[in-house]
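# Working through the structure, step by step
What follows is each chain in one-letter form.
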Amino acid sequence: MENIKQSSKRARSYGQFCALARALDIVGERWTLLIVRELLPGPMRYTELKTSLAGIATNLLAERLRALESNGIVERRLEEAGVVYALTPWGAGLREPMEALGRWGAPLVMTGRDGDSFQPRWLVLALPGLLRGITATPAVELGVETDGFLMVLRIDEHGPSAIIRPDQQPDTVFTAAPEVVIGLAAGALTIDQALSLGDLRGDRQVLDKVFPPGRETTATASTPSPMAG
């Protein structure tokens, strides 16, 4: 097992001998998991993180990054573009639980943006999470373009994955607003409905393999309502 580095200077702790409680001691602070979300597609500079995480104060971002570094989740690297922040292998292991949390929360975004900010790169985490369990042999690749951002969604025998690959486009690319892309992945829209709202360049059969009809989706999950007082 990788030697896990855990800071002994945690500002707050649940004080419980429980893996979940100790994990939350490290990643349960506000903004922390959103920083990890930003870094899952690849390393970013501090200014890029600040721009993408609209609303976070500069001093709070610096504090959260220091905590993530001290706990072995994030590391600084020197690249041609300068200093960047990147996930360690242990930090990258947060992808699976974060995808699961995203699936659980999918019904909460079915009502639309409602003025909330959005970055297309967030779909790199969201789409594989929503499409978990779908496999394809041979593998298929679909380009998904939204708000001018292109990502590659790949389905193979191991399941779905998504990457940013600006130097190489798949033969089939689906372009639509983020609400349409998320609705299609979550099962709230059929392929025909999504096509009426977007644009497809390439093979329709690729869409059928990536978003197979009749698959189990999150669209039928009910959104929790506050209990009457």
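Up top is the structure these notes are about.
Here's a quick rundown of the structure. (Residues numbered from 1 in each chain as written. Predicted model: local features only at pLDDT ≥ 70, side-chain atom pairs only at ≥ 80, totals over all residues. Heavy atoms only, no water.)

## Remarks on the overall build of the protein
A count of helical and extended segments in the protein gives ten helices and seven strands. For the protein, the proportion of its 229 residues judged to be buried stands at 40%. Sequence-distant contacts, at least 24 apart, represent 59% of the contacts inside the protein between residues at least 6 apart. Accessible surface computed for the protein: about 13,300 Å², of which carbon and sulfur atoms make up 53%. (Helix = DSSP H or I, 4+ residues; strand = E, 2+ residues; numbered from the N terminus. Buried < 20%, exposed > 50% of the residue type's maximum accessible area, 1.4 Å probe, protein only. Contact = heavy atoms within 4.5 Å. Areas by Shrake-Rupley, 256 points an atom, 1.4 Å probe, with all protein chains shown as cover.)

## A short note on the packing of helix α2 (residues 32–39) against helix α4 (residues 58–70)
As a packed pair, α2 and α4 sit with axes 10 Å apart at the nearest point and diverge in direction by 75°. Classified by the interaxial angle, the pair formed by α2 and α4 is roughly perpendicular. Taken together, the residues of α4 that come into contact with α2 (itself represented by Thr 32, Ile 35 and Val 36) are Leu 61, Arg 64, Leu 65 and Leu 68. The residue inventory of the contact of α2 with α4, partitioned by class, reads five nonpolar, one polar and one charged. (Axes fitted to C-alpha atoms, helices over the stretch in contact; angles between N-to-C directions. Parallel < 35°, antiparallel > 145°, perpendicular 65-115°, else oblique. Nonpolar A, V, L, I, M, F, W, Y, C, P; charged D, E, K, R; others polar.)

## Some thoughts on the packing of aromatic side chains
What the rule picks out here adds up to one aromatic pair. For the pair Phe 118 and Trp 122, a centre-to-centre distance of 5.9 Å together with 85° between the ring planes defines the contact as edge-to-face. Its guanidinium or amino end placed over the ring of Trp 122, Arg 37 lies 3.8 Å from that ring's centre, counting from NZ or CZ. (Phe/Tyr/Trp six-rings, centres within 6.5 Å; stacked < 30°, edge-to-face > 60°. Lys NZ or Arg CZ within 6 Å of the ring centre and 35° of its normal.)

## What to know about the sheet that holds strand β4 (residues 149–156)
Taken together, the five strands give an open sheet; going across it, the order is β5-β4-β3-β6-β7, and neighbouring strands pair in mixed fashion. Of all strands in the sheet, those bounded by a partner on one side alone are β5 (159–163) and β7 (199–201). Neighbour-to-neighbour, the strand axes of the sheet open up by a mean angle of 20°, direction not taken into account. Both β4 and β5 contribute to a ladder of five bridges, which runs antiparallel. Within β5, the position partnered with Arg 154 by the bridge is Ser 161. (Pairing = 2+ DSSP bridges.)

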